[in-house]
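One-letter residues, chain by chain:
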Amino acid sequence: MNLVAIVGTNARKSYNRSLLWFMKKHFKNLANIEVVEIEGLPMFSEDTETPVRLVEMARQIAAADGVIISTPEYDHSITASLKSALEWLSYGELHPFTNMPVMIVGTSLGKMGTTNAQEHLRQIMDAPGLDAFVLPGNQFLLGPASVNVDVERTELTDARTVGFLEQVFSNFMMFVDSLLPMRAMAFDRTADKTTNGEHEGTVEGVKLGYKDIDKVLKGSALDPDAVPSVIIKPADNAQVLEHGDGWWIEKTELTDNVTVTEVATTTTDVEEDDDATTGASML
């Protein structure tokens, strides 16, 4: 199994880098783990041409069976450098994470590890343009890093922590294997679906691949033959307070039958008329 492990920081001294290098050597008999750095990458900008290094990184990720991301926690979130790298890898023609199994790990100086950062990273990896399959739960949150990570020897110092990491990694390997059929069948949003002779309409860079752009949405304004099948409008006796294009607000009388309990435990049905309120009907 070939895995790419991304160091989620551009810091020269990083406990998360040491964690990934420990995983690389500790699990060498189970998987080939290639540690990838984001240090030195430019901040993401749509006005800047995609760096060649990002293109190569995207190819490396796309060729892997799975990806491990180790993130520190800065101000309850991931680093700006990691966020920028992921923005590059979800932009334009670069979408290597589509349908890719991802495992998230992390360590920080605090006792809570990287709880908040990992939750944010899970949300980010689910975004359109990334579309990764992140291993649910099964979190590896290591803290405090200064006690549990030996940076000089790239070792974890606690045997129980190593045992837990082994279980988490084993679960990820099963996750990768279980997703193989799904990945083969999954819809690739980035694939070019156009064929020869078809018109290539472009909306936000997505190739539609229809022969006639006017037929992209059957029944839409682009279709000159379209006629709405049902026209929704207020009732003839409705008291319309306000209306717009396809919507209106009408006055409605609400009446509730309320049961009131007396002190002598007898009940009396009292009909109460509420003040007139407004209800909205939307097209």
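These remarks concern the structure in this document. All of these numbers come straight from a predicted model, not from anything done at the bench.

Considerations on the nonpolar core
Move 1: One finds V67, F97, V102 and M125 to be the most contacted residues of the largest nonpolar core, which totals 30 residues.
Move 2: Looking at this core, the elements with two or more residues in it are β1 (2-7), α2 (52-62), β3 (66-70), α3 (80-88), β4 (101-107) and α4 (115-125).
Move 3: Beyond its immediate sequence surroundings of up to four residues, F97 is in contact with I6, I61, V67, L86, L89, V102, M125, L130, D131 and A132.
Move 4: In terms of nonpolar packing, the next biggest core, distinct from the first, is built from 29 residues, F140, A145, V162 and F169 among them.

Some points on helix α6 (residues 159-185)
Turn by turn, an α-helix covers 3.6 residues, leaving residues three or four places apart pointing in a common direction.
Move 1: When the terminal C-alpha atoms of α6 are compared, their 40 Å separation across 27 residues agrees well with the 39 Å that a helix rising 1.5 Å per residue should span.
Move 2: The largest bend in α6 comes to about 40 degrees, at L179, with the proline P181 one to four residues further on.
Move 3: Buried within α6 are the following residues: T161, V162, L165, V168, F169, N171, F172, M173, F175, V176 and L179.
Move 4: Between the side-chain oxygen of the N-cap and the backbone nitrogen of R160 there are 3.3 Å, and the N-cap of α6 in question is D158.

Let's talk about empty space enclosed by the protein
Move 1: Applying the stated criterion to the full structure yields one cavity of 30 Å³ or more.
Move 2: By volume, the largest cavity is sized at about 30 Å³.
Move 3: The element that contributes the greatest number of residues to the lining of the largest cavity is β4, accounting for three residues.
Move 4: Tallied by class, the residues present in the lining of the largest cavity amount to five nonpolar, two polar and one charged.

Notes on the pairing of β4
The side chains of a regular strand alternate between the sheet's two faces.
Move 1: Most of β4 is tucked away: seven of the seven residues are buried.
Move 2: The side-chain alternation of β4 yields two buried faces, one formed by P101, M103, V105 and T107 and the other by V102, I104 and G106.
Move 3: Where β3 and β4 come together, four bridges link them in parallel fashion. Within β4, the residue paired with I69 across the bridge is I104.
Move 4: In terms of handedness, the path from β3 via α3 over to β4 forms a crossover that is right-handed.
Move 5: Bridge analysis of β4 against strand β5 (residues 133-134) gives two bridges, and the strand direction is parallel. Bridge assignment links V102 to a residue of β5, and that residue is V134.
Move 6: For β4 and strand β6 (residues 140-142), the ladder comprises three bridges, and the chain directions are parallel. Residue pairing across strands places T107 opposite L142, the latter belonging to β6.

Here is what the cut-offs are and how they apply
Residues numbered from 1 in each chain as written. Predicted model: local features only at pLDDT ≥ 70, side-chain atom pairs only at ≥ 80, totals over all residues. Heavy atoms only, no water. Core = buried A, V, L, I, M, F, W, Y, C linked by side-chain atoms within 4.5 Å. Buried < 20%, exposed > 50% of the residue type's maximum accessible area, 1.4 Å probe, protein only. Helix = DSSP H or I, 4+ residues; strand = E, 2+ residues; numbered from the N terminus. Contact = heavy atoms within 4.5 Å. Expected span 1.5 Å × (residues − 1). Bend = angle between axes of the 7 residues up to and from the residue. Polar contact = N/O pair within 3.5 Å; in protein donor to acceptor, adjacent residues only side chain to side chain. 1 Å grid on protein atoms, 1.4 Å probe; cavity = no way out; pocket = protein on both sides within 12 Å on 5 of 7 lines; lining within 4 Å. Points joined across faces, edges and corners; volume = space filled by probe spheres on them. Nonpolar A, V, L, I, M, F, W, Y, C, P; charged D, E, K, R; others polar. Pairing = 2+ DSSP bridges. Right-handed = clockwise from strand over helix to strand, strands pointing away.

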